[in-house]
Amino acid sequence: MNPESPEDQVSCEDCAARRSFLAKISIALSGVIGAMMTLPGVAFILAPVVKKPKEVWRDIGKPEDFNDEFKLVRYEDPAPLPWAGVTSRSGAWVRMIDNEFTAFSITCRHLGCPVRWVKGPELFMCPCHGGVYYKDGTVAAGPPPEPLHRMQIRVRDGIVEIKTTPVPLTTTPLKAIDV
Amino acid sequence: MNPIKKTWNWIDERSGYSDYVLPLLKHIVPRDARWWYVFGSATLTAFLVQVLTGICLAMVYVPGGDEAYESLKYITDQAFMGNLLRGMHFYGASAMVMLTVMHMCQVYLHATYKYPRELNWMSGVVLMMVVFGMAFSGQLLRWDDNGVWSVMVAAEMAARAPVVGPWISDFIFGGAVVGGATLTRFFVFHVFIMPAIIFAGIGLHMVFLLRHGVSEMPNPEQPVDPETYKEEYEARLEKTGVPFWPDAMWRDVVFSTFVVAGIVLCAAFLGPPALSTPPDPSNIHSNPMPDWYFWWYFTVLSVLPSSMETWIILGAPVFGFLAVLLVPFISNKGQRAPSKRPWAVGLIVFGATSFVVLTIYGYYKPWSPDFGVDPLPESVIGVSSGPVFEGGQLVHKKGCLYCHHIDGYGGHRGPVLSDIGQKLTREDITIRIMNGGYNMPSFAGSISSEDLSHIVDFLLSRHPTNEKTNE
Ligand code: FES
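Model, not experiment: these values are computed from the prediction.

Brief notes about the overall build of chain B
A count of helices and strands for chain B gives 22 helices and four strands. A globule of 471 residues ought to have a C-alpha radius of gyration of about 23 Å, yet chain B, at 29 Å, is considerably larger. Based on the C-alpha atoms only, the size of chain B along its principal axes is roughly 100 × 55 × 50 Å. Counting every position in chain B, which comprises 471 residues, the buried fraction comes to 47%. In the structure as shown, chain B presents an accessible area of about 23800 Å², 68% of it carried by carbon and sulfur atoms.

Okay, structure coming up:
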């Protein structure tokens, strides 16, 4: 055995090139390792952002259950996870006048708190920052920049159904959720 | 040599305790720091409380849509010591938030962020933001209706961001709505990601601390000059410094003792915050409120004119963070003494005052209609029948009292009406009710003319108390 002495290695010209090659390949491989480790996870985490929410019609009762007073209805989200429990519920305010239904999401258009229908003054009021809406959903007072989100209702075979929507976010263009 | 000593020597030689750890503990620090410098170490102690109690809670807590609430109830009501641990984690969080801010204020007042400690400051600011993130996600893991609506508000705020807003909020929800996928996200942030950042950040903060040494108390005679600072500092330290352990550290230990005792006592006697109703996003009786350290922000969101709102919601956290982060770059030399830096003192006083005022407002929520108001009793209405009496009943029924105050009854959102009869005419009042204005809804569509005239009759009968008694 005749190992090269360390001094030889240090002084050799090729070594510099070899070293830089080794450095480059190590950095590149580290990048590959990193990508292999993280990419599936990133896709996994971001999936809910990309996935288009389903919209389904949910049964909320019979036409007789409704009258000219707004009534809170509760319905299940389109695709509730099996362990979601009560968190999969959403709510809407629904009323019917002359067989015409009006439905509003309970989400305040300011920052999303749940608005309540207050009978006497006929207003929707938000408990958070003082948002108030008229019975047609338009803003009466307070910070909300947009009217309450209208939801779609249909009657099929004597059953009133509501069309689920994503949480109405204030920057979401109304058209995108109304269609 | 006795066997214990021998064993220790073996360990010491292999581990390097005497060579590496001891010098850190005994590094020389200025002797004049005294009690001013206890906040940083106390923050660390509070963090340890959080880690330890958090680990215990996580052994039982189930981060699942429905079960989180049940497991919290179990921890609170049944688990041995569960109530105390939840309490310690809650008050520990409050302590950590408070101490972090106090530590920062002290460092700012003494301008310790100046040369060469810029990175100490900046790493601290990042840590503080993460602590706020922990506080927010933590109150949310208390997964009751308040937790659900906190997520909702967070997502709605994020949604205001241009273009990417809705994506961020879908990311927060783990879908298009609050649901089974939501809580686990925050659990992971609260339990894995942010604590990891805090551990790493504290490590970095400590490295910087040891590299540049503990600062001296500011002295108007010793302005910071980056050219000469290090030499002068070391020279002074050599003359008057003391070893950190135990000469300086005993004060940290004493103060931390009080902090932990305070946390335990609060937990034992005040208990953890009560759980409200289950996390049902269709529950409209929820009255969402953040924990106390965010009430000031709650107020800000309520009183902002809506035209500025989106700017503030998005801009304030970003610019606030950057402004604080970059403080050392505004000035990193010169005077450190508060007596020579009136603006700094003013800023702290202003900040503290605004915090207190906004917090108090946040607690009373005067901008919010008060849903629970009592009807006016006859003694306030003044008569027991007739239009004025009818009107007195109607102001409750029609919700006027949710916002307006009359002789000790009603909410605080709108103007007090106790002596409105003296200020406005019948016409003015009628117009105001019909058309609304400022922040008052118009009632034209929801009130009959008869009811209206009763209400106006009643309001016209409102006069200052002394006149009423004169009548
Ligand atoms: S969320 Fe309704 S007013 Fe702010």
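Observations concerning the domain arrangement of chain A
On domain assignment, one finds that chain A holds domain 1 (6-50) and domain 2 (57-172). The C-alpha centroid of domain 2 of chain A is placed 54 Å from the C-alpha centroid of domain 1 of chain A.

Re the domain arrangement of chain B
For chain B, the assigned domains are domain 1 (17-364) and domain 2 (378-470). Between the C-alpha centres of domain 1 of chain B and domain 2 of chain B there is a distance of 47 Å.

Notes on the sheet that holds strand E9 (residues 153-156) of chain A
Residues and elements named next belong to chain A. An order of E1-E10-E9 is seen for the three strands of this open sheet, with the pairing classed as antiparallel. Strands with a single pairing partner mark the edges of an open sheet, and in this sheet they are strand E1 (57-61) and E9. Neighbour-to-neighbour, the strand axes of this sheet turn through a mean angle of 40°, independent of strand direction. Two elements, E1 and strand E10 (residues 159-163), share four bridges in a ladder whose sense is antiparallel.

Some thoughts on the nonpolar core
In this structure, Trp 93, Val 115 and Phe 124 of chain A together with Tyr 61, Trp 143 and Val 151 of chain B are the most contacted members of the largest nonpolar core, which totals 46 residues. Elements with a minimum of two residues in this core: helix H4 (67-77), helix H6 (118-141), helix H7 (145-159), helix H8 (165-173), helix H9 (182-212) and helix H12 (295-303) of chain B. Judged by nonpolar contacts, the second largest core, of 29 residues, contains Ala 141 of chain A together with Cys 400, Leu 417 and Val 456 of chain B.

Describing the pairing of E9 of chain A
Residue and element names in this part refer to chain A. Sheet topology places E9 next to E10; four bridges connect them, and they run antiparallel. The residue bridging Arg 154 from the neighbouring strand is Glu 161, located in E10. Hairpin connection of E9 to E10: two residues between the antiparallel strands, including Asp 157 at a positive phi of 50°.

Section: the state of the cysteines
All names here are of chain A. For the structure shown, the criterion picks out one disulfide over all chains. Covalently, Cys 113 is tied to Cys 128 through a disulfide, its sulfur atoms 2.0 Å apart. A torsion of -80° about the S-S bond marks the disulfide between Cys 113 and Cys 128 as left-handed. Of this pair, Cys 113 sits in the loop between strand E4 (100-105) and strand E5 (116-118) while Cys 128 is found in the loop between strand E6 (123-125) and strand E7 (132-134), placing the two residues 15 residues apart along the sequence.

Description of the packing of H6 of chain B against helix H13 (residues 306-325) of chain B
How two helices pack is summed up by the angle between their axes together with the distance between the axes. Residues and elements named next belong to chain B. Packing of H6 against H13 leaves a shortest axis separation of 9 Å and a crossing angle of 150°. The angle between H6 and H13 falls in the class roughly antiparallel. Mapping the contact onto sequence places Trp 121, Met 122, Val 125, Val 126 and Met 129 in H6 and Phe 321, Val 324 and Leu 325 in H13. Looking at side-chain class alone, the contact of H6 with H13 contains eight nonpolar, no polar and no charged residues.

Thoughts on the interface of chain A and chain B
Of the residues lining the interface, 55 residues belong to chain A; the matching set on chain B comes to 60 residues. Taken together, the two surfaces of chain A and chain B that pack against each other cover about 4600 Å², and 63% of this comes from carbon and sulfur. Considering only the side of chain A, the residues that lose the most area to chain B are Thr 87, Leu 111 and Arg 116 of chain A, jointly responsible for 14% of the buried surface there. Connecting chain A to chain B are two salt bridges. A salt bridge links Arg 74 of chain A to Asp 280 of chain B; the nearest nitrogen and oxygen atoms lie 4.0 Å apart. Looking at the side of chain A that touches chain B, the elements with two or more residues in it are helix H2 (13-50), strand E2 (71-76), strand E3 (89-97), E5, E6, E7 and strand E8 (139-141) of chain A.

Concerning the pattern of salt bridges
One pass over the structure, following the stated rule, counts 15 salt bridges over all chains. Notably, a salt bridge pairs Arg 160 of chain B with Glu 309 of chain B, separated by 3.2 Å at the nearest N-O pair. Of this pair, Arg 160 of chain B sits in the loop between H7 and H8 while Glu 309 of chain B sits in helix H13, placing them 149 residues apart in sequence. The structure contains a network of salt bridges with shared partners spanning Arg 74 and Arg 89 of chain A together with Asp 280 of chain B.

As for the environment of Gln 50 of chain B
All names here are of chain B. Tracing the backbone shows Gln 50 in helix H3 (residues 38-58). Residues Gln 50 and Met 96, 46 residues apart in the sequence, show an inter-C-alpha distance of 8.6 Å. Among the polar contacts made by the side chain of Gln 50, one reaches the main-chain carbonyl oxygen of His 89 at a distance of 2.9 Å.

Regarding the pairing of E3 of chain A
All names here are of chain A. Where burial is concerned, most of E3 is hidden: seven out of the nine residues are buried. With six bridges joining them, E3 and E4 adopt antiparallel strand pairing. Directly across from Arg 95, in E4, lies its bridge partner Thr 102. In this antiparallel pair of consecutive strands, E3 and E4, the connection spans two residues, and Asp 98 shows a positive phi of 50°.

Quick word on the side chain of Asp 457 of chain B
Residues and elements named next belong to chain B. By the secondary structure assignment, Asp 457 is in helix H21 (residues 449-460). At 2.3 Å, the side chain of Asp 457 forms a polar contact with the side chain of Arg 426. What Asp 457 contacts, discounting residues up to four positions off in sequence, is Pro 387, Val 388 and Arg 426.

Some words on H9 of chain B
Since one α-helical turn is 3.6 residues long, residues separated by three or four positions face the same way. Residue and element names in this part refer to chain B. Its 31 residues give H9 an end-to-end C-alpha distance of 43 Å, which sits within 8% of 45 Å, the value for a rise of 1.5 Å per residue. When the local axis directions of H9 are compared, the greatest deviation, roughly 35°, occurs at Phe 189. Looking one or two places after H9, you find Gly 213, whose phi comes out positive at around 75°.

Examining the packing of aromatic side chains
Within the structure shown, the criterion is met by 26 aromatic pairs over all chains. Over the face of the ring belonging to Phe 66 of chain A we find Lys 71 of chain A, whose NZ or CZ atom lies 5.0 Å from the ring centre. In this arrangement the basic side chain of Arg 185 of chain B is found over the ring face of Phe 171 of chain B, its NZ or CZ atom lying 4.9 Å from the centre.

Observations regarding the side chain of Arg 117 of chain B
Residue and element names in this part refer to chain B. By the secondary structure assignment, Arg 117 is in the loop between helix H5 (82-109) and H6. Buried and without a salt bridge, Arg 117 has Glu 216 as its closest oppositely charged side chain, separated by 6.3 Å. Once residues lying within four places of it in the same chain are set aside, the contact partners of Arg 117 are Thr 112, His 212, Gly 213, Val 214, Ser 215, Tyr 229 and Tyr 233.

A closer look at the sheet that holds E8 of chain A
Residues and elements named next belong to chain A. Within the open sheet, the four strands sit side by side as E5-E6-E7-E8. Their pairing is antiparallel. Of all strands in the sheet, those with a lone pairing partner are E5 and E8, marking the two edges. Strand-to-strand twist of the sheet, defined as the mean angle between neighbouring strand axes without regard to direction, takes the value 35°. One ladder, built from three bridges, connects E5 with E6; its direction is antiparallel. When the bridges of E6 are listed, Trp 117 appears paired with Phe 124.

Rules of the game
Residues numbered from 1 in each chain as written. Chains lettered and ligands numbered in written order. Predicted model: local features only at pLDDT ≥ 70, side-chain atom pairs only at ≥ 80, totals over all residues. Heavy atoms only, no water. Helix = DSSP H or I, 4+ residues; strand = E, 2+ residues; numbered from the N terminus. Rg over C-alpha atoms; globule rule 2.2 N^0.38 Å. Buried < 20%, exposed > 50% of the residue type's maximum accessible area, 1.4 Å probe, protein only. Areas by Shrake-Rupley, 256 points an atom, 1.4 Å probe, with all protein chains shown as cover. Domains from an automatic or database assignment. Pairing = 2+ DSSP bridges. Axes fitted to C-alpha atoms, helices over the stretch in contact; angles between N-to-C directions. Core = buried A, V, L, I, M, F, W, Y, C linked by side-chain atoms within 4.5 Å. Disulfide = S-S within 2.5 Å. Parallel < 35°, antiparallel > 145°, perpendicular 65-115°, else oblique. Contact = heavy atoms within 4.5 Å. Nonpolar A, V, L, I, M, F, W, Y, C, P; charged D, E, K, R; others polar. Buried area = accessible area lost by both parts, 1.4 Å probe. Salt bridge = Lys/Arg side-chain N within 4 Å of Asp/Glu carboxyl O. Polar contact = N/O pair within 3.5 Å; in protein donor to acceptor, adjacent residues only side chain to side chain. Expected span 1.5 Å × (residues − 1). Bend = angle between axes of the 7 residues up to and from the residue. Phe/Tyr/Trp six-rings, centres within 6.5 Å; stacked < 30°, edge-to-face > 60°. Lys NZ or Arg CZ within 6 Å of the ring centre and 35° of its normal. Lys, Arg positive; Asp, Glu negative; His and termini not counted.

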